[in-house]
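Coordinates in review
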Amino acid sequence: MSEHVAVGKLKEKFSGSVLDVVEFRGDTSVTVKKEDIVAIGSFLKKELGFNLLCDLCGVDYLGKAPRFMVVYNLFNVSTKQYLRIKVPVEESDPVVETVSGVWATANWHERECWDLMGISFRNHPDLRRILMTDDYEGHPLRKDYPVQGPDRQPYQGRVS
Amino acid sequence: MATTEIMTVNMGPQHPSTHGVLRLLLELDGERVVKATPHIGFLHRGVEKLSEHRNYHQVIPLTDRLDYLAPMSNNLGYVLAVEKLLGLTDAIPERAKTIRVIMAELTRLKSHLVWLACHGLDIGAMTVFIYCFRERENIMGFYEKISGARMTSNYFRVGGLSADLPEGLDKEIRAFVEAMPGHIDTYEGLLTGNKIWQKRTQKVGVISAEDAIDIGLTGPALRASGVDWDLRRDNPYSGYENYDFVVPTHEDCDTWARYQVRLVEMRESCKIITQALDRLQPGPILADAPKVCLPPKQKVVNTIEGLIHHFKIVTEGFKPAAGDIYQEVEAPKGVLGYYLVSDGSPKPYRMKIRPPSFVNLQALPQMVEGSLLADVVAVIGTLDIVLGEIDR
């Protein structure tokens with residue numbers, strides 16, 4: 001169904017791992033199992049040339065199961081193609097294997113994701129908070145974290 | 001027998017060579033840097049969190065406070081992302097696209113001028129600093145005439161622009177970009193042949209093309225490592241495919257190369273602006289999308305549909321279909337990306353910004369480790385980081 005070349009190759013190589021493929025406004029998103037993310041990342045980089053990890057972030061779908069989604073926006077510098085990989089992460093076990101061994105740039109992105117979203121990365125070389133202070137409690141980008149601060153009532157009305 | 005020990009030195013949190021608050025923990029062996037650890041986060045304002053509690057239009061003024069030296073580039077990236085989310089990309093009128101290109105390129109000039117000024121000053125060239133700010137002042141004047149503000153422009157809208165160009169401004173911009181190459185010659189005359197400048201920049205902060213891509217470097221820093229990639233040419237937006245310009249690259253991979261690449265980029269920006277001014281035709285500046293763009297005032301006061309649309313957009317905003325998109329633009333400092341998730345409500349469910357400075361700063365340790373303490377200042381200058389964008 002999908003036009004994207006990489007999707008076919010991914011389905012062929014990791015048939016058991018590809019959960020979903022979505023096309024929206026010309027963007028292709030592939031949801032894969034989180035156990036295989038490093039293998040899939042290495043395959044995409046070495047075989048299909050997605051050598052630039054543009055961005056890595058977490059999305060909090062509070063109230064849904066699994067609660068989190070880790071999103072990898074990839075780019076192929078030679079063919080100028082984009083591809084988005086998503087990994088579902090359960091709230092009970094918010095840990096994903098690090099891809100900083102595949103793309104060095106993931107190092108800070110994963111630290112940011114841990115800091116703000118509370119998703120931890122196994123085997124990360126230096127998993128510390130990056131934007132908040134070391135003794136900060138909680139992860140501010142989670143949907144159940146109040147926008148006005150940790151000791152305040154949950155957000156009720158206008159902020160501005 | 002004399003023994004040596006590693007000394008730890010804090011550079012920052014406030015240092016003249018950084019635009020904002022950055023603490024660098026440097027471990028030194030004599031004057032040589034053994035290890036550099038950047039500490040960031042001092043300015044963190046939670047822009048991504050705030051945007052989840054505002055509707056799409058209300059996020060625009062948050063974005064221009066990120067990279068406050070190039071506000072319109074951030075606005076452009078954001079409005080393009082929302083337009084892509086709405087499926088409105090093809091409906092943007094030609095005049096709006098052309099004016100967007102003019103403003104984006106003026107912003108590139110403005111940002112590069114501050115970079116050259118501060119980079120020069122960091123290395124000890126005072127005159128270039130004053131000259132660059134003199135030219136930048138003109139662009140600030142254009143900003144003021146267009147948006148009413150000198151720094152925090154709020155001019156781009158989802159679907160087009162907030163207003164048309166003021167009368168006669170195109171002539172002023174044309175005069176400015178015609179004079180600009182001469183000014184760039186002056187800067188080059190002061191720096192390029194200067195022996196001190198050459199010694200301080202050549203073979204400093206070297207990073208190979210492969211390492212640069214791996215660490216995520218983008219923009220002029222990547223092109224100075226020999227990678228021929230510019231989004232304006234390779235994944236064009238806002239009609240950039242219709243302009244004739246050169247994407248400069250350099251093979252030296254050092255601070256000198258990044259200086260050369262940015263200077264050529266400034267000259268190319270002037271050419272793009274001239275071409276855009278030649279193409280500028282009268283026409284609408286907002287897309288024909290009544291549920292997204294505010295109707296003209298005449299329609300609001302004279303027709304009930306106009307009144308309803310105005311009321312709905314102001315009080316409630318618009319509701320894009322559920323889904324997620326990723327949109328990138330070539331900002332002056334590198335690739336600026338917006339990842340937007342919509343759940344069908346009038347507010348972004350999640351907005352993730354991919355700031356070029358954040359990723360570029362990550363390359364700093366591997367660029368300075370092994371070089372001298374004084375080179376750290378030169379490398380920070382050449383990366384052209386803005387901490388407002390790094391911390392968000």
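Please read these numbers as outputs of a predicted model, since none were measured by experiment.

Examining the overall build of chain B
Looking only at helices and strands, one finds 17 helices and 8 strands in chain B. In summary, chain B has a C-alpha radius of gyration of 22 Å against a globular reference of 21 Å for 392 residues, a match within 12%. With the C-alpha coordinates of chain B rotated into their principal frame, the extents come out at 90 × 45 × 35 Å. Out of the 392 residues belonging to chain B, those deemed buried represent 60%. Long-range pairs, those at least 24 residues apart, make up 69% of the contacts in chain B between residues at least 6 apart in sequence. For chain B, the exposed surface amounts to about 14500 Å²; the carbon and sulfur share of it is 54%.

A look at the UniProt feature "domain: NADH:ubiquinone oxidoreductase 30kDa subunit" (unreviewed entry) in chain A
The positions UniProt marks with the feature "domain: NADH:ubiquinone oxidoreductase 30kDa subunit" (unreviewed entry) are residues 30-150 of chain A. In the segment residues 30-150 of chain A, helix accounts for 18% and strand for 30%; the C-alpha atoms at its two ends are 35 Å apart.

So, the pairing of strand β1 (residues 18-24) of chain A
All names here are of chain A. Here 6 bridges tie β1 to strand β2 (residues 27-32), and the two strands are oriented antiparallel to one another. Within β2, the residue paired with F24 across the bridge is D27. In this antiparallel pair of consecutive strands, β1 and β2, the connection spans 2 residues, and R25 shows a positive phi of 50°.

Some points on the side chain of E135(B)
All names here are of chain B. Relative to the assigned elements, E135 resides in helix α5 (residues 126-147). Judged by relative accessible area, which is 2%, E135 ranks as buried. If we ignore the near neighbours within four places in the chain, the residues touching E135 are L113, F176, M180, H183 and Y187.

A word on the sheet that holds strand β3 (residues 52-60) of chain A
Residue and element names in this part refer to chain A. Taken in spatial order, the 5 strands of this open sheet run β1-β2-β5-β4-β3, and their pairing is mixed. At either margin of the open sheet sits one strand with a lone partner, and together these are β1 and β3. Going from strand to strand, the sheet's axes swing by 20° on average, the running direction of each strand aside. Sheet contacts for helix α1 (residues 5-13): β1, β2 and β5 (81-89); angle to β1, the most-contacted strand, approximately 170°.

Some thoughts on the interface of chain A and chain B
Note on interface size: it is often stated as the accessible area lost on association of the parts. Listed as interface residues are 49 residues of chain A and, on the opposing side, 48 residues of chain B. Of the roughly 4100 Å² buried where chain A meets chain B, counting both sides, 57% is carbon and sulfur surface. Among the residues of chain A in contact with chain B, R25(A), W108(A) and L131(A) are the three that bury the most area, contributing 18% of the side total. Put simply, chain A and chain B have 8 salt bridges between them. Here D324(B) ties to K86(A) by a salt bridge, and the two come within 2.7 Å at their closest N and O atoms. Where chain A meets chain B, there are 24 residue pairs in polar contact (both at pLDDT 80 or more). Within the residue set of the side of chain A that touches chain B, elements represented by two or more residues are β2, β3, β4 (68-76), β5 and α3 (106-117) of chain A. For the side of chain A that touches chain B, a count of residues per class yields 28 nonpolar, 8 polar and 13 charged.

Parameters and conventions
Residues numbered from 1 in each chain as written. Chains lettered and ligands numbered in written order. Predicted model: local features only at pLDDT ≥ 70, side-chain atom pairs only at ≥ 80, totals over all residues. Heavy atoms only, no water. Helix = DSSP H or I, 4+ residues; strand = E, 2+ residues; numbered from the N terminus. Rg over C-alpha atoms; globule rule 2.2 N^0.38 Å. Buried < 20%, exposed > 50% of the residue type's maximum accessible area, 1.4 Å probe, protein only. Contact = heavy atoms within 4.5 Å. Areas by Shrake-Rupley, 256 points an atom, 1.4 Å probe, with all protein chains shown as cover. UniProt positions renumbered as here; feature names shortened; annotations may be inferred. Pairing = 2+ DSSP bridges. Axes fitted to C-alpha atoms, helices over the stretch in contact; angles between N-to-C directions. Buried area = accessible area lost by both parts, 1.4 Å probe. Salt bridge = Lys/Arg side-chain N within 4 Å of Asp/Glu carboxyl O. Polar contact = N/O pair within 3.5 Å; in protein donor to acceptor, adjacent residues only side chain to side chain. Nonpolar A, V, L, I, M, F, W, Y, C, P; charged D, E, K, R; others polar.

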